[in-house]
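# Topology and contacts: notes
Here is what each chain is made of, one letter per residue.
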Amino acid sequence: MGQHHKQHSVKSSSQSWLAGFTDAIDWQLHPLCILFCGGVGWVTMRILRYVFTSGIAAVIFKAKCRSQKQPSVFAEKECYPSVDIKKEQCEFQHQKPLVIKHISPPLPPNAKWFGTPIEEMRRMPMCGAPLPPLRQSSNHTVTIRRDLLREGDVPKPYPTSYKDAWDNKHVKMPCSRENLYLVEDENGERTTRSRWDVIQHALQQEFCSAVDLKNAILKYNIAYAKKWDFTALIDFCERVLEDAEADHWFQSILPDMVKLACRLPELCTQPIPLLKQKMNHSITMSQEQIASLLANAFFCTFPRRNAKIRSEYSSYPDINFNRLFEGRNSRKAEKLKTLICYFRRVTEKKPTGLVTFTRQSFQVFPDWESSRKTLTRIHVTYEGTIEDNGHGMLQVDFANRFVGGGVTSAGLVQEEIHFLINPELIISRLFTEVLDHNECLIITGTEQYSEYTGYAETYRWKRSHEDETPRDEWQRRTTEIVAIDAVHFRRYLDQFAPEKIERELNKAYCGFARPGVPPHHLSAVATGNWGCGAFGGDSRLKALLQMMAAAEAGRDVVYFTFGDSELMREIYNMHMFLKESGQTIADIYKLLQKYYTEECRDCPTAKPDVKLYHFIYNTIESYSSSTAEEESLGD
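One structure accompanies this document, and this report is about it. (Residues numbered from 1 in each chain as written. Predicted model: local features only at pLDDT ≥ 70, side-chain atom pairs only at ≥ 80, totals over all residues. Heavy atoms only, no water.)

## Points about a negative patch on the surface
On the surface, Glu242, Asp243, Glu245 and Asp247 cluster together to form a negatively charged patch. According to the relative accessible area criterion, Glu245 is partly exposed, its value standing at 42%. (Patch = residues over 30% accessible without salt bridge, like charges linked within 9 Å, V, L, I, M, F, W, Y side chains within 5 Å. Areas by Shrake-Rupley, 256 points an atom, 1.4 Å probe, with all protein chains shown as cover. Salt bridge = Lys/Arg side-chain N within 4 Å of Asp/Glu carboxyl O. Lys, Arg positive; Asp, Glu negative; His and termini not counted. Charge placed at Lys NZ, Arg CZ, Asp CG, Glu CD. Buried < 20%, exposed > 50% of the residue type's maximum accessible area, 1.4 Å probe, protein only.)

## A look at the layout of surface pockets
Approximately 1,000 Å³ is the volume attributed to the largest pocket. Forming the walls of the largest pocket are 38 residues, and the residues nearest its centre are Leu131, Arg476, Glu480, Arg514 and Val517. Its residues assigned to classes, the lining of the largest pocket comprises 14 nonpolar, 14 polar and ten charged. In this structure, the second largest pocket spans a volume of roughly 620 Å³. If you trace the second largest pocket, you find 25 residues lining it, with Phe398, Val413, Gln414, Glu415 and Tyr455 closest to the centre. Mapped by element, the contributors of at least two residues to the lining of the second largest pocket are helix 9 (386–389), strand 8 (394–399) and helix 10 (414–421). The biggest single contributor to the lining of the second largest pocket is helix 10, with five residues. (1 Å grid on protein atoms, 1.4 Å probe; cavity = no way out; pocket = protein on both sides within 12 Å on 5 of 7 lines; lining within 4 Å. Points joined across faces, edges and corners; volume = space filled by probe spheres on them. Nonpolar A, V, L, I, M, F, W, Y, C, P; charged D, E, K, R; others polar. Helix = DSSP H or I, 4+ residues; strand = E, 2+ residues; numbered from the N terminus.)

## Here we look at the side chain of Ser428
Looking at where Ser428 falls in the secondary structure, it is placed in helix 11 (residues 428–431). For Ser428, a relative accessible area of 0% puts it in the buried group. A polar atom in the side chain of Ser428 sits 2.6 Å from the backbone oxygen of Leu425. When sequence neighbours within four positions are dropped, the list of residues in contact with Ser428 reads Phe357, Val403, Phe419 and Leu441. (Polar contact = N/O pair within 3.5 Å; in protein donor to acceptor, adjacent residues only side chain to side chain. Contact = heavy atoms within 4.5 Å.)

## Things to note about the pattern of salt bridges
Going through the model one piece at a time under the given rule, you end up with 30 salt bridges. Taking the shortest distance from any N to any O, the salt bridge between Asp318 and Arg323 comes out at 3.0 Å. Looking at Asp318, the relative accessible area reads 14%, which means it is buried. In this structure, the salt-bridge partner of Arg540 is Glu570, at a minimum N-O distance of 2.9 Å. Taken together, the residues Arg540 in helix 13 (residues 539–553) and Glu570 in helix 14 (residues 565–580) connect sequence positions 30 residues apart. Classification of Glu570 as partly exposed rests on a relative accessible area of 25%.

## With respect to unusual backbone geometry
Omega for the peptide link from Met124 to Pro125 comes to 5 degrees, which places this bond in the cis form. Note on placement: Pro125 falls in the loop between strand 1 (113–115) and strand 2 (140–142). Across the junction of Tyr158 and Pro159, the peptide omega takes the value -5 degrees, indicating a cis bond. Tracing the backbone through its elements, the reader meets Pro159 in the loop between strand 2 and strand 3 (180–184).

In structure tokens:
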């Protein structure tokens, strides 16, 4: 209403002034023209009168509009066309924006990074606020003795004796007395027996080959004897390992893993809650407890987790490692090397830290269309990796909605690699239900045990890694990883639809935001091409969305393009352009809406002719040029 009222007042004042002016022309000049030139003079005078007064009116109106214009060319009440195409446009403003070829400023040709130096970006623990005392609460389960927590000491389990819970709110443990198993006696009669007893008896034998291990696992998984395939495990033991390595595996590492697995009831004494959808809950446990749980996952002991169709755990990821053992795939051997490195390390020396798993679920999100925040600082580079160069930052896991993705099967891209070199991440699959659109999983304190080279088919385990990341007051490594799942786009244009844009913004914001924590206590976000590759996301769009979400959450961004120097330049140029032109998050959001409406919605081809960044450059610069031209006319 305000905009319409202002336009009406502008129009009314100019009309009243011109009315007097045209009356003077009609009464003073018309008689003279008729007297000297007759009818021709009268017609000529009428034409000149119309042209002259129309030109004067346009100049006056544009000057009035310019005086009422908002600072941003994308503000809601401006007189020039808004990025929100549903807003009414100012009168006399019918021409389309000029198409201007944007020329980015020259950048050093051999630069490996642009933006703020990475040394200036905030990291934990330097930027973190002091932690409150570690306490058990209704939204935080702590499975160790907090009163005995000391640096360098192995945490003690809490409570001191095993407490069972066999229900739909907690993990159903292998050592539960409710975990029963049908077995046949010597006479062929079926009787019920404790499955945990069967597990211990099967595992506490001498293993001389992979076939021995296979037979032991199938003794308590007899229903899958004809379904499970152990080819990858057998090939690894017989063809990949050298004789000395195989001896060490069967004579030392594997027996130690069995001992670790069988200590489950003395280590994990408290029921582990399931992190279900819509929950805001944390679980803090010791690295030793996680190691015992992972050893049980390796031996496939977790009950009710193998059947996926219409089962009680169908909305949870796989946890037993049976799919890792199947098929002939070179990836599996490298995965097994990485995991065996972890088990060797934790059985040779007990780990002493804690790890916290937090499911964060938001019900209220920012109003992106009205946000007045601007982009924060950025460091963008084509070298390095999130886990190596983003230490102390919030490291983004390009997650599957089933966290960990294919880590226990054939997957071997960003998420799976992160879970392999930091295997404590894998245990999140035990209790984390599939992520909803408004949720993320935050894991703090995991340790890196391996180094690697390559990616996907070229992935290779390189060597053992000594993690020197400092610990916080809760004895957690100051490594914070957030799992956020992007939408899988099978059609390229779908990702530009307003509802998809908002979904990805909200998902990233859920992962980046920490309600109640001031921005100066938040580390930078270490991220990259989230949701691109197999998920079909556009890397330029995803970079922009993550910058917007980070700005709204109060975090800087460290962006890794993974070897793509051209993408590095484009992201930096766009970030600099948006900052220098004063665009707010709302302005950028409206630009994305405009791009969808004008270039994507009715696009007859698989991809639009005009790329996103070119559209943004041209839209902003064309309106800037129009504004400058009108101001020069006004002068």
